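One-letter residues, chain by chain:
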Amino acid sequence: MPETAQDIDITTAGQPELTDGFHLVIDALKLNGVTTIYNVPGIPITDLGRMAQAAGIRVVSFRHEQSAGYAASIAGFLTKKPGICLTVSAPGFLNGLTALANATTNCFPMILISGSSEREIVDLQQGDYEEMDQLAIAKPLCKAAFRVLHAADIGVGVARAIRAAVSGRPGGVYLDLPAKLFAQVVDAKVGARSLVKVIDPAPAQLPASAAVKRALDVLKSAKRPLIILGKGAAYAQADDAIRALIEKSGIPFLPMSMAKGLLPDTHPQCAGAARSLVLKDADVVMLVGARLNWLLSHGKGKTWGEPRSKKFVQIDIEPREMDSNVEIAAPLVGDIGSCVSALVDGLGGGWSPPPAEWIQTVNAKREENIAKMAPRLMKNSAPMDFHGALGALRAVIKERPDAILVNEGANTLDLARGVIDMYQPRKRLDVGTWGVMGIGMGFAIAAAIETGKPVLAVEGDSAFGFSGMEVETICRYRLPVCVVVFNNDGIYRGVDVNPVGGSDPATTVFVKGSRYDKLIEAFGGVGVNATTPDELKGAVNAAMDSGKPTLINAVIDPASGSESGRIGNLNPQSALKKKA
Ligand code: ADP
Ligand code: TPW
Ligand code: MG
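Residues numbered from 1 in each chain as written. Chains lettered and ligands numbered in written order. Predicted model: local features only at pLDDT ≥ 70, side-chain atom pairs only at ≥ 80, totals over all residues. Heavy atoms only, no water.

Glancing now at the sheet that holds strand S3 (residues 58-61). Across the sheet, six strands lie side by side as S3-S2-S4-S5-S7-S6; this open sheet has parallel pairing. Each edge of the open sheet is held by one strand with a lone partner, namely S3 and strand S6 (144-147). Direction aside, the axes of adjacent strands within the sheet are offset by 20° on average. Direction of pairing for strand S4 (residues 83-87) relative to strand S5 (residues 110-116): parallel, over a ladder of five bridges. (Pairing = 2+ DSSP bridges. Helix = DSSP H or I, 4+ residues; strand = E, 2+ residues; numbered from the N terminus. Axes fitted to C-alpha atoms, helices over the stretch in contact; angles between N-to-C directions.)

Next up on the list: the site of ligand 1. What surrounds ligand 1 is a group of 19 residues, the closest being Arg169, Lys231, Arg291, Asp316 and Ile336. In this structure, an oxygen atom belonging to ligand 1 sits 2.8 Å away from a side-chain N or O atom of Arg169. Backbone polar atom of Ile317 to a nitrogen atom of ligand 1: 3.1 Å apart, as the coordinates give it. Across the complex, the protein chains shield 97% of the 580 Å² of accessible surface that ligand 1 would expose by itself. Sorting elements by how many residues they give to the shell around ligand 1 places helix H11 (residues 231-235) first, with three residues. (Near = heavy atom within 4 Å. Polar contact = N/O pair within 3.5 Å; in protein donor to acceptor, adjacent residues only side chain to side chain. Areas by Shrake-Rupley, 256 points an atom, 1.4 Å probe, with all protein chains shown as cover.)

This next bit is on helix H1 (residues 21-31). By the burial criterion, the buried members of H1 are Gly21, Phe22, Leu24, Val25, Ile26, Ala28 and Leu29. Backbone nitrogen of Phe22 and a side-chain oxygen of the N-cap are separated by 3.2 Å at the start of H1; the cap is Asp20. Immediately downstream of H1, the backbone of Gly33 shows phi near 80°, a positive value. (Buried < 20%, exposed > 50% of the residue type's maximum accessible area, 1.4 Å probe, protein only.)

Let's shift gears to the site of ligand 2. Taken together, 17 residues lie near ligand 2, and Asn411, Thr412, Gly435, Asp461 and Ala463 sit nearest. With respect to ligand 2, the side chain of Asp461 contributes an N or O atom lying 2.5 Å from an oxygen atom. Separating an oxygen atom of ligand 2 from a backbone N or O atom of Ala463 is a distance of 2.9 Å. Coverage of ligand 2 by the protein chains reaches 76% of its 590 Å² of free accessible surface. Mapped by element, the contributors of at least two residues to the shell around ligand 2 are helix H17 (411-419) and helix H19 (461-465). Here the residues of the shell around ligand 2 sort into eight nonpolar, eight polar and one charged. (Nonpolar A, V, L, I, M, F, W, Y, C, P; charged D, E, K, R; others polar.)

All right, on to the pairing of strand S14 (residues 404-408) then. Within S14, five of the five residues are buried, which leaves the element mostly enclosed by the surrounding structure. Here S14 shows no split at all, with Ile404, Val406 and Glu408 on one side and Leu405 and Asn407 on the other all buried. Bridge count for S14 against strand S16 (residues 455-460) is five bridges, and the pairing is parallel. Looking across to S16, one finds that Asn407 is bridged to Val458. With three bridges connecting them, S14 and strand S15 (residues 428-430) associate as parallel partners. Bridging from a neighbouring strand, Asn407 pairs with Asp430 of S15.

In helix packing, the relevant descriptors are the interaxial angle and the interaxial distance, both defined with respect to the helix axes. The geometry of helix H12 (residues 239-249) relative to helix H14 (residues 336-347) is characterised by a closest axis approach of 9 Å and an angle of 30° between their N-to-C directions. On the basis of their axis angle, the class for H12 and H14 is roughly parallel. Viewed along their axes, H12 and H14 form a crossing whose handedness is left-handed. Along the contact surface, H12 presents Ala241, Ile242, Ala244, Leu245, Lys248 and Ser249, while H14 presents Ile336, Val340, Ser341, Leu343, Val344 and Leu347. (Parallel < 35°, antiparallel > 145°, perpendicular 65-115°, else oblique. Left-handed = near helix turned anticlockwise from the far one by under 90°. Contact = heavy atoms within 4.5 Å.)

Before going further, it helps to spend a moment on the domain arrangement of the protein. When cut into domains, the protein gives domain 1 (18-194), domain 2 (209-364) and domain 3 (378-568). Placing a centre on the C-alpha atoms of domain 2 and another on those of domain 3 gives a separation of 32 Å. Taken together, the 16 residues of domain 2 in the interface contact 14 residues of domain 3. Summed over the shared surface of domain 2 and domain 3, the result is one salt bridge. Our count for the domain 2 to domain 3 interface comes out at twelve residue pairs in polar contact (both at pLDDT 80 or more). (Domains from an automatic or database assignment. Salt bridge = Lys/Arg side-chain N within 4 Å of Asp/Glu carboxyl O.)

In this structure, Gly14 sits in the segment before strand S1 (18-20). Separated by 425 residues in sequence, Gly14 and Ile439 place their C-alpha atoms 53 Å apart.

All right, on to the side chain of Arg428 then. Turning to its location among the elements, Arg428 is positioned in strand S15. Of note is the side chain of Arg428, whose polar atom sits 3.0 Å from the side chain of Ser257. Here the side chain of Arg428 touches Asn407 through a polar contact of 3.1 Å, side chain to side chain. Setting aside residues no more than four positions away along its own chain, Arg428 makes contact with Ser257, Met258, Lys260, Leu405, Asn407, Leu413, Ala416, Arg417 and Met422.

Let us now look at the pairing of S5. In terms of burial, S5 is a largely internal element, seven of the seven residues being buried. The two faces of S5 match: Met110, Leu112, Ser114 and Ser116 on one face and Ile111, Ile113 and Gly115 on the other face are all buried. In this fold, S4 hands off to helix H4 (residues 90-106), which returns the chain to S5; that crossover is right-handed. In this structure, S5 lies alongside strand S7 (residues 172-178), joined through seven bridges in parallel fashion. Paired with Ile111 across the strands is Val173, a residue of S7. (Right-handed = clockwise from strand over helix to strand, strands pointing away.)

For the rest of this paragraph, the subject is the environment of Pro207. Note that Pro207 resides in the loop between helix H9 (188-194) and helix H10 (209-220). When the C-alpha atoms of Pro207 and Ser338 are compared, they prove to be 7.1 Å apart, with 131 residues separating the residues in sequence. Residues in contact with Pro207, not counting those within four places in the same chain, are Val212, Leu332, Val333, Ser338, Cys339 and Ala342.

Ordered in space as S10-S9-S11-S12-S13, the five strands form an open sheet in which the pairing is parallel. In the strand order of this sheet, the two ends are held by strand S10 (253-255) and strand S13 (330-333), each with one partner. The sheet shows a mean angle of 15° between the axes of neighbouring strands, taken without regard to direction. The sheet contact formed by strand S9 (residues 225-229) and strand S11 (residues 284-288) spans five bridges and is parallel. Within the sheet, the bridge partner assigned to Leu229 lies in S11 and is Val288. This element, H10, spans S11, strand S12 (311-316) and S13 of the sheet and lies at about 135° to S13. Against the sheet, H14 engages S11, S12 and S13, with an angle of about 130° to S12.

With that settled, consider the packing of aromatic side chains. For the structure shown, the criterion picks out nine aromatic pairs. Both rings, one in Phe22 and one in Phe182, keep their centres 5.1 Å apart while their planes meet at 15°; by these two values the pair is stacked. A residue pair is termed long-range when its members are at least 10 positions apart, and Phe22 in helix H1 and Phe182 in helix H8 (residues 179-182) qualify at 160 residues. The burial state of Phe22 is the same as that of Phe182; both residues are buried. An aromatic cluster is built from Phe77, Phe108 and Tyr235, whose rings are joined through pairwise contacts. Geometry around Tyr235 places Lys80 over its ring, the cationic atom sitting 5.9 Å from the centre. (Phe/Tyr/Trp six-rings, centres within 6.5 Å; stacked < 30°, edge-to-face > 60°. Lys NZ or Arg CZ within 6 Å of the ring centre and 35° of its normal.)

If you want it as structure tokens, here you go:
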């Protein structure tokens, strides 16, 4: 409510100038630097999308909210600002929720804004249009959830959502906006005053000096040190400090999947090709924005050599991450930029590089493994096997290091991760902590939109199916995305048969000899069927030169994949077999 008469703008007609919920939401987002919304329209948010577009926000409409949500989440990872996904109520909200939960799990900042039905009717369960208690459902699946009931609170609601998403450990935030809110009318001047510009949304969190000293002491005691870089390190955009730490210390580093390229995979200190050796034999391991979850075998077991044979230093913004799986000898809590800079300063004069013997051992293993793989990458067969096809893509990325690589599938994922070297930070985007299928097209679209760089999406044929309809979105927005479908006729392999015969195919196979390239042609994109690595390489280069939406059906030998890619050991069946 206006406090004094002077607060009210009087129009020429003698009426106070008014605004409404729609415009306040848009003004609040714009005030906080939101430039893009990833959305699927419908009641009650169709007009919010239209008005946002009219107000100069880029509103990208998808075919399914899950892809819009994944797009928003990876926009958050790439920019350090919350990506915004906008959906309708109940079903649209639920479709977006998977992406919100996935964002939270991966520590990507995003805000899912969903329209919702009338509170009074929802709470009495009287059967409103798309009735659902969305706030309650979202709460356990995200970092924070808010609802705004009064237009005057929109500014605060949006501000709280932004802060919650990007401060501390980033994550997904749900913002519930009931249909009624959008139509609420308030005085324009009062509305404008209610908006909040979030100052310093992700404040630096400095590590305590005693913690820095403890970490340095542990590092100095090491004979066989190792630094593991995780996607938190990529997210932090502290690239120069991280490079300084690695190079000044001389410690070998191992990048987790989405940290590849933070320093080039071809860097002399990169131990990626000696992964098993360094994990087993290192005596001090420093984790930088990487959790000791399943992807690192929880920091224990055979992968890590003798029990309790190593000390851990861990840099993380989330204090509760420490000791989550094993004892952390030197926890360093703070933001990665501040922590790494403090360590670099601390290395100063008194630092001596790791013993030459350790470096030589790591280098020898690396060269041995690289040499072993090299001939497999040159195989120019038809149909292709995974290595032959990936060898071609590896050459493309080497020539185009600023392209963004999106990657999902099982064999297509695990093998591409090992084969395709990355050279620049935040260029590899993949299935993340959950190993979720379906991120492909959403990630590719947001990567193109947020960075303006060419995108290469390397997709298993199953993985692609989860978001394949978004090739229409890629064509509609004319994005420089080249999708390569590794078509091996199925999930893991295309050769399984139904154990009881009959007319139904096995559970893991698809239509044989499918032509995914035809899909994109339906929308005016370029489709290519590639049967050899040379054809594949030529087609990807042509796509990247032209910038035209392209889908290449890469014909892979249906017999060449293995069950679950590289994580077959996690299948319950493999535990049964071990017992037998
Ligand atoms: P990976 O899967 O690559 O091993 P994880 O997702 O497991 O990486 O770990 C990322 C970690 O990075 C999380 O524990 C998160 O809290 C942390 N993190 C994210 N951003 C920052 C930051 N700016 N400063 C410090 N830690 C961060
Ligand atoms: C949301 C389970 C893991 S990998 C995969 C599935 C279905 C597909 C593997 O086949 P693809 O790759 O893509 O053809 P390739 O090269 O081995 O043949 N649902 C979700 N996420 C996951 N992880 C699954 C199911 C899965
Ligand atoms: Mg497949």
